[in-house]
Each structure stands twice: as structure tokens, then as C-alpha cells.
Protein chains: 2
Amino acid sequence: MRTRQELIRAAAEAFALRSYHQATIADISEAAGVSPGGLHFHFTNKAAIAEAVEDEAAQLLRATCRDARSGAHTSLQALIDASHAIAALLSGNIVARAGLLLGQEPTRSSKLSLHQEWAECIHLLVRRAVEEGQLSSDVSPRDLYTAVLAATVGLEALGRGDGRWLTPQTLASFWRLLLPRICPPHRAVHLNPTGTAAR
Amino acid sequence: MRTRQELIRAAAEAFALRSYHQATIADISEAAGVSPGGLHFHFTNKAAIAEAVEDEAAQLLRATCRDARSGAHTSLQALIDASHAIAALLSGNIVARAGLLLGQEPTRSSKLSLHQEWAECIHLLVRRAVEEGQLSSDVSPRDLYTAVLAATVGLEALGRGDGRWLTPQTLASFWRLLLPRICPPHRAVHLNPTGTAAR
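Residues numbered from 1 in each chain as written. Chains lettered and ligands numbered in written order. Predicted model: local features only at pLDDT ≥ 70, side-chain atom pairs only at ≥ 80, totals over all residues. Heavy atoms only, no water.

### Digging into the overall build of chain A
Tallying secondary structure elements over chain A gives ten helices and zero strands in all. N-terminal to C-terminal, the α/β element order of chain A is α-α-α-α-α-α-α-α-α-α. Once the C-alpha set of chain A is aligned to its principal axes, its extents read approximately 60 × 30 × 30 Å. Counting all 199 residues of chain A, 53% fall into the buried class. Sequence separation of 24 or more characterises 70% of the internal contacts of chain A that already satisfy a separation of 6 or more. Charged side chains in chain A number 20 positive and 19 negative. The centres of these two groups are separated by 3 Å. (Helix = DSSP H or I, 4+ residues; strand = E, 2+ residues; numbered from the N terminus. Buried < 20%, exposed > 50% of the residue type's maximum accessible area, 1.4 Å probe, protein only. Contact = heavy atoms within 4.5 Å. Lys, Arg positive; Asp, Glu negative; His and termini not counted. Charge placed at Lys NZ, Arg CZ, Asp CG, Glu CD.)

### What to know about the side chain of Ser29 of chain A
Residue position: Ser29 of chain A is located in helix α2 (residues 25-32). Excluding residues within four positions of it along the chain, Ser29 of chain A makes contact with Leu7, Val34, Ser35, Pro36 and Leu39 of chain A.

### Quick word on helix α1 (residues 2-18) of chain B
Side chains three or four residues apart in an α-helix point the same way, a direct result of the helix having 3.6 residues per turn. Residues and elements named next belong to chain B. For α1, spanning 17 residues, the distance from its first C-alpha to its last is 24 Å, which sits close to the expected 24 Å at 1.5 Å a residue. All buried positions along α1 are accounted for by Leu7, Ile8, Ala10, Ala11, Ala12, Ala14, Phe15 and Ala16. Structurally, α1 contributes buried residues whose contacts are with α2 (25-32), α3 (36-42), α4 (46-71) and α6 (94-102). A positive phi of about 75° marks Ser19, the residue just after α1. (Expected span 1.5 Å × (residues − 1).)

### Considering the UniProt feature "DNA-binding region" (unreviewed entry) in chain A
In this structure's numbering, the residues bearing the UniProt feature "DNA-binding region" (unreviewed entry) are residues 24-43 of chain A. For residues 24-43 of chain A, helix accounts for 75% and strand for 0%, while the C-alpha atoms at its two ends are 13 Å apart. (UniProt positions renumbered as here; feature names shortened; annotations may be inferred.)

### As for the relation of the copies chain A and chain B
For these two chains of identical sequence, chain A goes onto chain B by a turn of 180° and a shift of 0.0 Å along the axis, with RMSD 0.0 Å. Interpreted geometrically, this transformation is the action of a two-fold axis. Looking at the interface residues of chain A, 100% of them are also at the interface in chain B, so both copies use one shared face. (Least-squares fit on C-alpha atoms with pLDDT ≥ 70 in both.)

### Points about the pattern of salt bridges
All names here are of chain A. Inspection of every chain in the model, using the stated rule, returns 20 salt bridges over all chains. Here Glu6 ties to Arg2 by a salt bridge, and the two come within 3.5 Å at their closest N and O atoms. Separated by four residues within a single helix, Glu6 and Arg2 lie in helix α1 (residues 2-22), roughly one turn from each other. Using a relative accessible area of 33% as the deciding quantity, one classes Glu6 as partly exposed. (Salt bridge = Lys/Arg side-chain N within 4 Å of Asp/Glu carboxyl O.)

### A closer look at the interface of chain A and chain B
The interface is formed by 35 residues belonging to chain A together with 35 residues belonging to chain B. Regarding the contact of chain A and chain B, the summed buried area is about 2800 Å², with carbon and sulfur atoms giving 70% of it. It is Asp143, Leu177 and Arg181 of chain A in chain A that bury the most area against chain B; as a group they hold 23% of the surface buried on that side. In this structure, the salt-bridge partner of Asp143 of chain A is Arg176 of chain B, at a minimum N-O distance of 3.2 Å. Across the chain A-chain B interface, the total number found is twelve residue pairs in polar contact (both at pLDDT 80 or more). Counting only elements with at least two residues in the side of chain A that touches chain B, the list comes to α1, α8 (141-161) and α9 (168-182) of chain A. Element by element, the count of residues in the side of chain A that touches chain B is highest for α8 of chain A, at 14 residues. Taken together, the residues that form the side of chain A that touches chain B break down as 20 nonpolar, ten polar and five charged. (Buried area = accessible area lost by both parts, 1.4 Å probe. Polar contact = N/O pair within 3.5 Å; in protein donor to acceptor, adjacent residues only side chain to side chain. Nonpolar A, V, L, I, M, F, W, Y, C, P; charged D, E, K, R; others polar.)

Right, here's the structure in full:
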């Protein structure tokens, strides 16, 4: 199991740094300190390692959303917290980052879509915020879903070139702008744009 | 000149469909209906064609921003119009789309950054909106710049998988959410979230 994890990590690094097509099986086994035979015991080919990277990235993403949902006092705060947690995950975890990139390789067909996973997390939390009566009455849940999904996907894309786009400061800046629009003042004061963990 | 344009277009299609690394010089010359000798008359190698694609994409983007700036009655409307025009450009123009993708290839080093060009267009228009007194006093220009850049870059990334993210409806949905937050009601009524052209 440990060898398998080391191979997944080494493959994620190679894919993120050199792209899926440029990275070779030899690069990956060497970086993991595993013999080619050892690699083939775990994975039949490069496509199989890429699938394992995506699979682990999806699990990390799901766990991150789940933790944010259970840790916050309202669904709107959970949405803020989830966006911070995903940004932190993408900043600090190469497997998560590589998994997201692999899903966007035009020549691969992914079974999973990490964007889709994240979209579902946002969708669920916006719906719950509506049920909890958190949103201002003139806010369309669909518009809010679109804006949060687009902005967070955009920060990830920008963050590939410059990590500052994925810092808590940048996320907080987005929420500071949005919060007064999406909920009434007496609710907004109870929300922390920098995330619950940062309180 | 026409042959050169045909090669740029064929290369953009090959890069967008099959990725920069997978596309070959032979693919490109064949798709353009140009002999390998004809291709080499215009471009020394694949990297040179990719540079030409990026260069043309940057020119298209700059022209789109310039047109939006000159066609709108206020800088805030120009910002809305520019976001719609860029989305339409990315939906309809393969060279613009491929140019943006090439800039994100981890193994290429681009002289240009199309994200940077777009960021500068937004930056300029937000600054002018401040100078024109268009923004509400409690809106940070920096926060607005961040949100608009992140959301539009995100819509582009999502639009690669599903073109509906780049439709005027989706852009309008973003601006409908944002406008009541960023300018006072007496100004918001004069702004069209679907863009000036759609009036």
C-alpha cells in the first residue's frame, strides 16, 4: 500500500510538472524509488496511474466538502469554509492539483469530473441555505451557484501560474464582496468571509 | 498571407483538440491543405506555429477589449460588455481558445499571458469606474477586480467541457447577482447585465 501511495504521488508530480503526455512510466518509477517491475505490480500502464491519481483527488475533494459541511453553523458559512478548504487543498496537495489537471487533458476521457464534484457540493449548500432562509429574497439561488462555481474554478486556474490567487486573503476578498449582496445584514454579521477555522 | 492564416487556424484546431504535444506538424499541414515544404516556408517548427497562434489570440483579445471600451456609455457597462464579448470570442473562435490553452501548457514557456491581458483590461475598467464615481463607496475596487477576473476565467475553464457556461445567459446571471452590490440603484438601472449589444 505504501509503494502504491508513493507511485501515485510521484505520478501526480510528473503529470503536474511535465503534463500527462510528457511524463513517462520510467520518470514515475524512478521518482518514487520503485523498480519498473514494482510499478507494474500496482499499475498496468500510465493511464491506470492517472486514473488512480484522479480517484484519490476526488476522494480528497469529497472529504474536504464533507468536513466543511459538518464544521459550520450555517450552510452559507459551510460554503465559505468549503471554498477556503478547497483552495488550501489545491495549494498544498499535489495529488489534488494533478487530478484536476488530468480531468482537463483534451485527449484523455475521465470517468470522474472534479469540477462536477465541486459543483455538486456548491449546489447542495446553496439549496440548504435557501431552505434555512439564509439568502436575501431577491437573490436567485441559480445565480449564486453560478458565481461561486465560476469564481472558485477561476481562482484555481489563475493559481496555477501564481499561488497568491489561492490564498485565504483572495478567497476572503471574494466573499467580502458577495456577502452583503446575498444575505441581509443581520445574517451577514454572523458570517466570517475568512472561514470558520480562521476565527 | 492566406496560407499562413490557414496554417494558424489548422494548428489552433489541432492544439485544442489533441493538445500541443500530441498534435504533429504533419497533422497541421494536412488539415491546412498545405505541403510540408509550404508549412516550413512560414514556420520553422511546431513551437513557432504555437507562438503565432498565441500572438493572434492576444491581438483578438486586445481588439475585443478595445471595442467594448469604446462602445459603452460608462466604464462599468464597458466591463459588462467586455466580459460578454470575450465569452463570445472564446465560444466562436478556435484561435482565441487554443491561444488561451497554449498559455497553460505546463511544459511551454509563453511570452504572452492571455490571462494577464484580460486582467489588465478589467483593471483599467474598474479604475475608470472608480474615477467616474460609478461604484458604491463600500466596494473595494481590488475585490471587484478579483471577483470579475476569477469568475470570467472560471467560466472559460468550465466552458471547455460545456459551452453553456459561455453563453450570454450565464454572463448575465453573474452580472445580475453582482450589480446591486457594486453600484447604487440609480446607477444600476442604467446598466444592462446582458451587454449593450443585446439592448
